[in-house]
Amino acid sequence: MTISIRSLDAALGAEVGGIDLSGPLAQDDVKAIEEVWRDRLVVVFHRQKLSDPQLIAFSRNFGELDPPGPNPYGEPFNKEHPELNVISNVVENGKPIGNLGDGEAVWHADMTYVDVPPKAAMLHSLEVPSAGGNTYFANMLVAYETLSADLKEAIVGKIAVHDASTNSAGMLRKGYKKVTDVRDVAGAHHPLIRTDPRTGRKALFLGRRPNAYVLGLDVPDSEALLDVLWAHATQSRFSMCHEWKVGDLLMWNNLSVLHRRDPFDPKSRRIMHRSQIKGNERIA
């Protein structure tokens, strides 16, 4: 079967059809998926029924798996396959079976608080609510390219600290203290502009807004600059929205997009399993 590729009517995103990800893939298909991932940044597959080992096997076509970051509970949610994360609001026997709950997850890129963040992520939907829980992605390449000349000049050489203490739902991770002064934030230092080593294209590299700080600036100046950049980067003209169905699998370029999630009814169930691919570059 020949795979099909359809670009979405948005600033990023493509649907790939005619392929079953549960078994071994032909190298030509792996190459085609990787090319559309690089070009369109978010790849959408529908009607995929994958076990955890099958999700792991598919993910490994694109590199070494990167284990999940620390969660607020301090232990893997998927103990049989700790290289996978579980994103869920479900509580069983008084304990959450996954991370991030049912509230809003703010705009962010994954694990940019480490020196070498993961380059890609995959999210596979097992149970979804009837409404809400949509995921949005924003293209940081186009966001950078459309900055004013003055803003581009203002961020040349600027380094931001990416907070490690909280996750994208605002929950404090185990072992961290609440941030009271952004100048004391613990986390990786990355330039506000990332240059893709393969293409030379530049992208905004913002990570996550809460507790971010631009080195060398007074706190009010850092806050003002970051507020302007975030307001620009998260405009709807740079984004797409994915409304989940059971069996959807999304693969995205973690170094070139931001993503966020809508809240949903806490009485409903949402279960997703997630993998990520180890990065191979320090952001520069």
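Now for a description of the structure that goes with this document. (Residues numbered from 1 in each chain as written. Predicted model: local features only at pLDDT ≥ 70, side-chain atom pairs only at ≥ 80, totals over all residues. Heavy atoms only, no water.)

### Quick notes on the overall build of the chain
Each helix and strand in the chain was counted, giving 5 helices and 19 strands. For 284 residues, the compact-globule formula gives about 19 Å, and the C-alpha radius of gyration of the chain, at 18 Å, lands near that figure. Oriented by its inertia axes, the alpha-carbon framework of the chain measures out at about 55 × 45 × 35 Å. Per-residue burial over the chain gives 52% buried out of 284 residues. Relative to all contacts within the chain whose residues are 6 or more apart in sequence, the contacts with residues 24 or more apart total 79%. Entry remark: accessible area of the chain is about 13100 Å², with carbon and sulfur atoms responsible for 50%. (Helix = DSSP H or I, 4+ residues; strand = E, 2+ residues; numbered from the N terminus. Rg over C-alpha atoms; globule rule 2.2 N^0.38 Å. Buried < 20%, exposed > 50% of the residue type's maximum accessible area, 1.4 Å probe, protein only. Contact = heavy atoms within 4.5 Å. Areas by Shrake-Rupley, 256 points an atom, 1.4 Å probe, with all protein chains shown as cover.)

### Some details on the pairing of strand β10 (residues 135–139)
Buried residues dominate β10, accounting for 5 of its 5 residues. Residues Thr135, Phe137 and Asn139 point to one face of β10 and Tyr136 and Ala138 to the other, with burial holding for every one of them. Strand direction decides the pairing type here: β10 and strand β16 (residues 239–242), joined by 4 bridges, are antiparallel. The residue of β16 that forms the bridge with Ala138 is Ser239. (Pairing = 2+ DSSP bridges.)

### Describing the sheet that holds strand β9 (residues 120–127)
If you walk across this open sheet you meet the 8 strands as β1-β2-β3-β17-β9-β19-β4-β7, and the pairing is mixed. Edge positions in the open sheet fall to β1 (4–7) and β7 (99–100), since each of these has one partner strand only. Both strand β4 (residues 85–88) and strand β19 (residues 271–277) contribute to a ladder of 4 bridges, which runs antiparallel. Within β19, the residue paired with Val86 across the bridge is His273. Along the sheet, helix α1 (residues 27–40) contacts β1, β2 (14–17), β3 (42–45), β9 and β17 (249–253); its crossing angle with β3, the most-contacted strand, is approximately 130°. The strands touched by helix α2 (residues 52–59) within the sheet are β3, β9, β17 and β19, with β19 carrying the most contacts at an inclination of about 30°. (Axes fitted to C-alpha atoms, helices over the stretch in contact; angles between N-to-C directions.)

### Considerations on the environment of Leu65
You can see Leu65 is positioned in the loop between α2 and β4. Classification of Leu65 by relative accessible area gives buried; the value is 10%. Between the alpha carbons of Leu65 and His232 there is a distance of 32 Å; along the sequence they are 167 residues apart. With residues up to four places along the chain from it excluded, the contact list for Leu65 reads Ile56, Ser59, Arg60, Glu83, Ser275, Gln276, Ile277 and Lys278.

### A word on α2
Listing the buried residues of α2 in full gives Asp52, Leu55, Ile56, Phe58 and Ser59. Along the axis of α2, the buried positions cluster into a sector of 165°, meaning they face one direction only. Looking at the packing, one finds that the buried side of α2 touches α1, β3, β9, β17 and β19. (Arc of directions from axis to C-beta.)

### Overview of the sheet that holds β10
As summarised here, the arrangement of the 4 strands in space is β8-β18-β10-β16, forming an open sheet in which the pairing is antiparallel. Of all the strands in the sheet, just β8 (105–108) and β16 have a single pairing partner and so form its edges. Direction aside, the axes of adjacent strands within the sheet are offset by 15° on average. Summarising the sheet, β10 and strand β18 (residues 257–261) pair through 5 bridges and their orientation is antiparallel. Bridging across to β18, Ala138 finds its partner in Leu258.

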